[in-house]
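Results of the structural survey
So you can see what is in the structure, the chains are spelled out below.
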Amino acid sequence: MGLRWALAGMGLVSSGLTSAGDVAASDRPGDPEPVVRVAGQRACAHCSVEELADRIHARPRRGHPRQDLRWWANRDEVGPTWGPARYALIVKFRDANRVRVDADGQLVARGDALTRRLRAFQAEHDLLVRAYITLAEERVDALRRRAMRRSLRTQPDLAGTVRIELDPPDKANLVHVGERLQALDAVEYAYIARENLPPPQPSEAAMSRGDLPPTTDSFVMQQGYLGPDPGIDAEFAWSMGLDGSGIAWRDNEYSWRLDHEEFNEVAIAVEEGQSLADLYRDHGTAVIGVIAAPHNGYGVSGIAPSATLTVYPEITVADGSRRCEAVLSSMADSRPGDVVLIEQQDESGAPSEIELCIYDAVKMGVDAGVVVVGTAGNGAQNLDSPTYASYMERGDNGAIINGSGTPDTQHNARETSTYGERVNLHGWGSVVVSTGYGYLTTVGGDERQSYTDRFGGTSAAGPMVAGAAILLQQFAVESLGGPFTSQKVRQTLSDTGIPQGSGPPVGPFPDVRAAIQSLQEPEGVPPAVVIVSPDTDVETAEVPYLTVVEVTATDESKVEHVELSINGEAVGEPDVEEPYVFEVELGVGEWVITASAEDLHGNVGTSEGRVIVVGASDDDDGADDDTFTGADSVTGEDDDGQDETGGDDDDDDDPDDDDDDDD
């Protein structure tokens, strides 16, 4: 009997894999030759996101559980606001219902009956509703496709998230309406968001600005974070010619002073269609100065000055507050290997990804190959405490969360830094020299020539970690054949970092030299290879038998590729990028499947085998076993028992049961 298998696709970039057009077309029963396809490439270019999910066998998405709205309403708040505090109810509808807001501010869903019920609810409570994500839907869907091809996971429909304003706008009213909305099966979750949040502010007091001569001195000798311990040793990377060239990065926060003298010869782009508001410009200026300041002989020098920078404002003149949308936009514009920095915290001084929309946007970006660095916040929050149990239970979305520490060789945790197991790395949290503020000097009284020596908190630590990630990424692209994933960057910087000193956990401090050298030194240990799905041997009466084989391969250096062997013979093209997932179709017989992985240094590791017996009698044990174990639930049930593939149990709310035509 013939064997047909396909490499399940990730939308690989510059992989050199055979394209769908080059693959043999033969698929005749009994054909002795295998047919090899990249599943992501065989998907149609113009099919819907749902059709793509079916074609590549993407694992169903488990929706987030319903939220405790009283928890969201009663959170402690830190930091000032710009203007009176404003709150809104954020509601995400289930993906299958495809809820949108029309030009008249009315809810519209897939299915007329559900649309009527949602509009009746909207009228009953006099809700002012607008789309929470206003990006062009084609951009968001393109990101969903990229993420789905690479991860083989169905991606959330964030365009089905709305913002609801109430009168009165107090938290008690928001809780009441939110709880009623969450009682509808068409709603995945609701939460309360404060919309005029400040960035993570440095904790040092401002200094008086002096009237100094017009010539700007060099402050590079005061930038101790550029050299070896207690710095990240960017200087070692520079000695290798690594300065960020060929790597793009994006900064998410309020605003920037892009006419600063350090940037007047640097091509910094602003998110297309957005105009900057005059809020917290010094904060953004200091952040990008740590990475992007050119090596021009005056002022400061950045960690990766040749990397390409685009800025994404979370509040603009035209659109007002748009925090999640800005994050999602930066992910949509990123290619695999690009670095996104999120310089935000929530109202309690915890990571901004506490907000579910941001968490999902980040996860989608990571699934699409983007490296994401986010600040932990300056609220001294313990993310391992029961207060944050629901956040931790969501799991790891792949972002690199950074805390802050002391600017010395002790690398102790800073008392203001949020901390916990989820915090991966830390940077200096005080006395950081950069552009903006004027605490160090303002040359000639001109704010475009302002410099600080007191930038701090997780805000200052963020660009140190992101800068290290950019340098490491450039090394991976130029020396290892392709960019690292966010998880691989995080693992490498964590494994080779300088251990944290005292205090609650904020992770190690990046050591760029050690990270690069760990990838250069020959390794004698082969990769550890495990077939995780199917996780047991299988007997089945189904002929032909189609299953998904998922493999993990870990190594101290870089895994070059993973391939499958069936009955001792390597089959088809290898998979060169995580996740390593294959489709295998088997005829009658007994098949032993093994996986092997080769690392950067030529070491090869091999997994234990999985035996699959096809054509077994229905009376045999395990004949009806379902081996598609890559998904937690093939029915799509989420954590609160709701089915993500449908709407309400009530026939009037279920678009799949609706006799009316879909809108």
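Quick summary incoming for the structure in this document. (Residues numbered from 1 in each chain as written. Predicted model: local features only at pLDDT ≥ 70, side-chain atom pairs only at ≥ 80, totals over all residues. Heavy atoms only, no water.)

**Structural notes on the sheet that holds strand 6 (residues 161-165)**
Spatial strand order, 5-6-2-7: four strands in an open sheet with antiparallel pairing. Looking at strand neighbours, the two that pair on one side only are strand 5 (128-131) and strand 7 (187-194), the edges of this open sheet. Across the sheet, the axes of successive neighbouring strands diverge by a mean angle of 25 degrees, strand direction being ignored. One ladder, built from four bridges, connects strand 2 (residues 87-93) with strand 6; its direction is antiparallel. (Pairing = 2+ DSSP bridges. Helix = DSSP H or I, 4+ residues; strand = E, 2+ residues; numbered from the N terminus. Axes fitted to C-alpha atoms, helices over the stretch in contact; angles between N-to-C directions.)

**Concerning the packing of helix 12 (residues 457-479) against helix 13 (residues 486-496)**
One can describe the packing of helix 12 onto helix 13 by two numbers: an axis separation of 10 Å at closest approach and a directional angle of 105 degrees. One way to sum up the angle between helix 12 and helix 13 is to call them roughly perpendicular. In this structure, helix 12 uses Val465, Ala468, Ala469, Leu472 and Gln473 to contact helix 13, whose residues at the interface are Val489, Thr492 and Leu493. Among the residues forming the contact of helix 12 with helix 13, the class breakdown is six nonpolar, two polar and no charged. (Parallel < 35°, antiparallel > 145°, perpendicular 65-115°, else oblique. Contact = heavy atoms within 4.5 Å. Nonpolar A, V, L, I, M, F, W, Y, C, P; charged D, E, K, R; others polar.)

**Observations regarding the pattern of salt bridges**
Taken as a whole and judged by the stated rule, the model has 34 salt bridges. The closest approach of N and O atoms between Glu271 and Arg322, which form a salt bridge, is 2.8 Å. One end of the pair, Glu271, is in the loop between strand 10 (268-270) and helix 8 (281-292); the other, Arg322, is in the loop between strand 13 (320-321) and helix 9 (323-332), with 51 residues separating them in the sequence. By the burial criterion, Glu271 is buried, and Arg322 matches it. (Salt bridge = Lys/Arg side-chain N within 4 Å of Asp/Glu carboxyl O. Buried < 20%, exposed > 50% of the residue type's maximum accessible area, 1.4 Å probe, protein only.)

**What about the side chain of Asn397?**
Checked against the element boundaries, Asn397 lands in the loop between helix 11 (389-393) and strand 16 (400-405). Polar side-chain contacts of Asn397 include one of 3.1 Å to the backbone nitrogen of Ala399. Those residues in contact with Asn397 that lie beyond four places of it in its chain are Glu353, Tyr359, Val362, Lys363, Val366 and Arg422. (Polar contact = N/O pair within 3.5 Å; in protein donor to acceptor, adjacent residues only side chain to side chain.)

**Describing the packing of aromatic side chains**
If you walk through the whole model with that rule in mind, you get nine aromatic pairs. With a centroid separation of 5.0 Å and 55 degrees between ring planes, the pair formed by Tyr254 and Tyr280 is classed as tilted. Of this pair, Tyr254 sits in the loop between strand 9 (248-253) and strand 10 while Tyr280 sits in the loop between strand 10 and helix 8; the two residues are 26 residues apart in sequence, bridging distant segments of the chain. Relative to Phe455, the ring of Tyr437 has its centre 6.1 Å away and its plane inclined at 35 degrees; by these criteria the two rings are tilted. (Phe/Tyr/Trp six-rings, centres within 6.5 Å; stacked < 30°, edge-to-face > 60°.)

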